[in-house]
Amino acid sequence: MQMNTYQHILHAKAKGKKLFAVLLDPDKTPVNKAESLISSCVDAKVDLIFVGGSLVVSTHLEELVQNIKKETDIPVVLFPGSPNQITPFADALLYLSLISGRNPELLIGQHVISAPSVKKSGLEIMSTGYMLIDGGAPTTVSYISNANPIPNDKNEIAVCTALAGEMLGMKLIYMDAGSGAKLPITESMISAVSSHIDIPLIVGGGIKNPEKAYLNCQAGANMVVVGNAIEKDQNLITEIGAAIHASHVPNMHA
Ligand code: 1GP
């Protein structure tokens, strides 16, 4: 039986296999550059392609998703900053609720308004507790979300927030320092959060090299997301992919 995207993520977690997600922001991925990026993703055995951004001003998101789907079977997962970034041509949707913030619009308001169109899209919905962690300087997501990030040395706040998200029934926790963050999330916080939750943990924001990606996996991330660094140096897709896929960590609870 064919697994859906979430089952694939759960299966990888149970096996201790770490996943690599490449984030393509439509504003930074012109259609003419996409083909070569997708081909690098295929070569590096990238597990998922995320598409979206906190602020997307270009209008070719749907075209980008369709092009990716033409080139590869790698699941395309929408990572939307707003409901207008939703297209039925993707495979799945990170249905994000910004549980680290106190902005009701991003906790539930926009979900209510877009619920009928999201349902109609037929996308696989993965409800995700989205936690913004302070990345050392304001990022687009911290500005646009109008919500305070969790201080990067407050592991206990991150743990309690993730636990609350899990008990509210979310399927994934995504800890993000924000795209282009100066300071990526510490291994200490990743380890604290991953040891308290059973659902898969996604980590991203400011990861610039294979070493950091490897350490994140060793600390307990089940999936590592990289966007900015691979936009600057496409060769990093292969190097970071190899580091993540080498960091198999058996799941003691499986
Ligand atoms: C941002 O976690 C993603 O939401 C990826 O961050 O672009 O810094 O890799 P970068």
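To start, this report covers the structure provided alongside it. (Residues numbered from 1 in each chain as written. Predicted model: local features only at pLDDT ≥ 70, side-chain atom pairs only at ≥ 80, totals over all residues. Heavy atoms only, no water.)

The secondary structure content of the protein amounts to 10 helices and 8 strands. For 254 residues, the compact-globule estimate of 2.2 N^0.38 gives 18 Å, and the C-alpha radius of gyration of the protein, at 17 Å, lies within 12% of that figure. Overall, the protein is about 45 × 40 × 40 Å in size when its C-alpha atoms are taken along their principal axes. Burial status across the protein gives 54% buried among its 254 residues. Counting every atom, the protein has about 11600 Å² of accessible surface; 56% of that belongs to carbon and sulfur. Separation between the mean location of the 18 positive side-chain charges and that of the 23 negative ones in the protein comes to 3 Å. (Helix = DSSP H or I, 4+ residues; strand = E, 2+ residues; numbered from the N terminus. Rg over C-alpha atoms; globule rule 2.2 N^0.38 Å. Buried < 20%, exposed > 50% of the residue type's maximum accessible area, 1.4 Å probe, protein only. Areas by Shrake-Rupley, 256 points an atom, 1.4 Å probe, with all protein chains shown as cover. Lys, Arg positive; Asp, Glu negative; His and termini not counted. Charge placed at Lys NZ, Arg CZ, Asp CG, Glu CD.)

What follows deals with the nonpolar core. By size, the foremost hydrophobic cluster in this structure holds 81 residues, and its most contacted members are Phe 50, Leu 94 and Met 175. The leading source of residues in this core is strand E1 (residues 19–24), at 6 residues. Setting aside residues up to four positions removed in sequence, Met 175 forms contacts with Met 131, Ile 133, Ile 185, Met 189, Ile 190, Val 193, Leu 201, Ile 202, Val 203 and Gly 204. (Core = buried A, V, L, I, M, F, W, Y, C linked by side-chain atoms within 4.5 Å. Contact = heavy atoms within 4.5 Å.)

Bringing the sheet that holds strand E4 (residues 92–98) into the picture now. Read once around its circumference, the closed barrel built from 8 strands follows the order E1-E2-E3-E4-E5-E6-E7-E8, with strand pairing classed as parallel. For this sheet, the mean angle separating the axes of adjacent strands, direction not counted, is 30 degrees. Sheet topology places strand E6 (residues 172–176) next to strand E7 (residues 201–204); 4 bridges connect them, and they run parallel. Within the sheet, the bridge partner assigned to Asp 176 lies in E7 and is Gly 204. Across the sheet, helix H7 (residues 187–194) lies against E6 and E7, angled at about 165 degrees from E7, the strand it touches most. Most of the contacts of helix H10 (residues 236–246) go to E1, to which it runs at about 150 degrees, and overall it touches E1 and strand E8 (223–226). (Pairing = 2+ DSSP bridges. Axes fitted to C-alpha atoms, helices over the stretch in contact; angles between N-to-C directions.)

Moving on: the packing of aromatic side chains. For the structure on display, the rule yields 5 aromatic pairs. With a centroid separation of 5.8 Å and 75 degrees between ring planes, the pair formed by Phe 79 and Tyr 130 is classed as edge-to-face. Pair noted here: Phe 79 is in the loop between strand E3 (76–78) and E4 and Tyr 130 is in strand E5 (residues 124–132), with a separation of 51 residues, a long-range link. Seen in terms of ring centroids, Tyr 130 and Tyr 174 are 5.3 Å apart; in terms of plane orientation they differ by 80 degrees. Their pairing is edge-to-face. (Phe/Tyr/Trp six-rings, centres within 6.5 Å; stacked < 30°, edge-to-face > 60°.)

The full set close to the ligand counts 13 residues, and Asp 176, Ser 179, Gly 180, Gly 206 and Gly 227 are the nearest of them. Here an oxygen atom of the ligand and a side-chain polar atom of Ser 179 are 2.5 Å apart. Measuring from an oxygen atom of the ligand, one finds a backbone N or O atom of Asn 228 at 2.8 Å. For the ligand, whose unbound accessible area comes to 310 Å², protein coverage reaches 97%. A class-by-class count of the residues in the shell around the ligand yields 4 nonpolar, 8 polar and 1 charged. (Near = heavy atom within 4 Å. Polar contact = N/O pair within 3.5 Å; in protein donor to acceptor, adjacent residues only side chain to side chain. Nonpolar A, V, L, I, M, F, W, Y, C, P; charged D, E, K, R; others polar.)

Under the 1.5 Å per step criterion, the end-to-end length of helix H2 (residues 31–43) is 19 Å for 13 residues, consistent within 8% with the ideal 18 Å. Inspection of H2 places Ala 34, Leu 37, Ile 38, Ser 40 and Cys 41 among the buried residues, and these make up the whole buried set. One side of H2 holds all its buried residues, which, seen down the axis, span an arc of 160 degrees. Exposed side of H2, more than 90 degrees from the buried face: Asn 32, Glu 35 and Asp 43 are the residues found there. Contact partners of the buried residues in H2: E1, strand E2 (48–51), helix H3 (61–71), helix H9 (228–232) and H10. Looking one or two places after H2, you find Lys 45, whose phi comes out positive at around 55 degrees. (Expected span 1.5 Å × (residues − 1). Arc of directions from axis to C-beta.)

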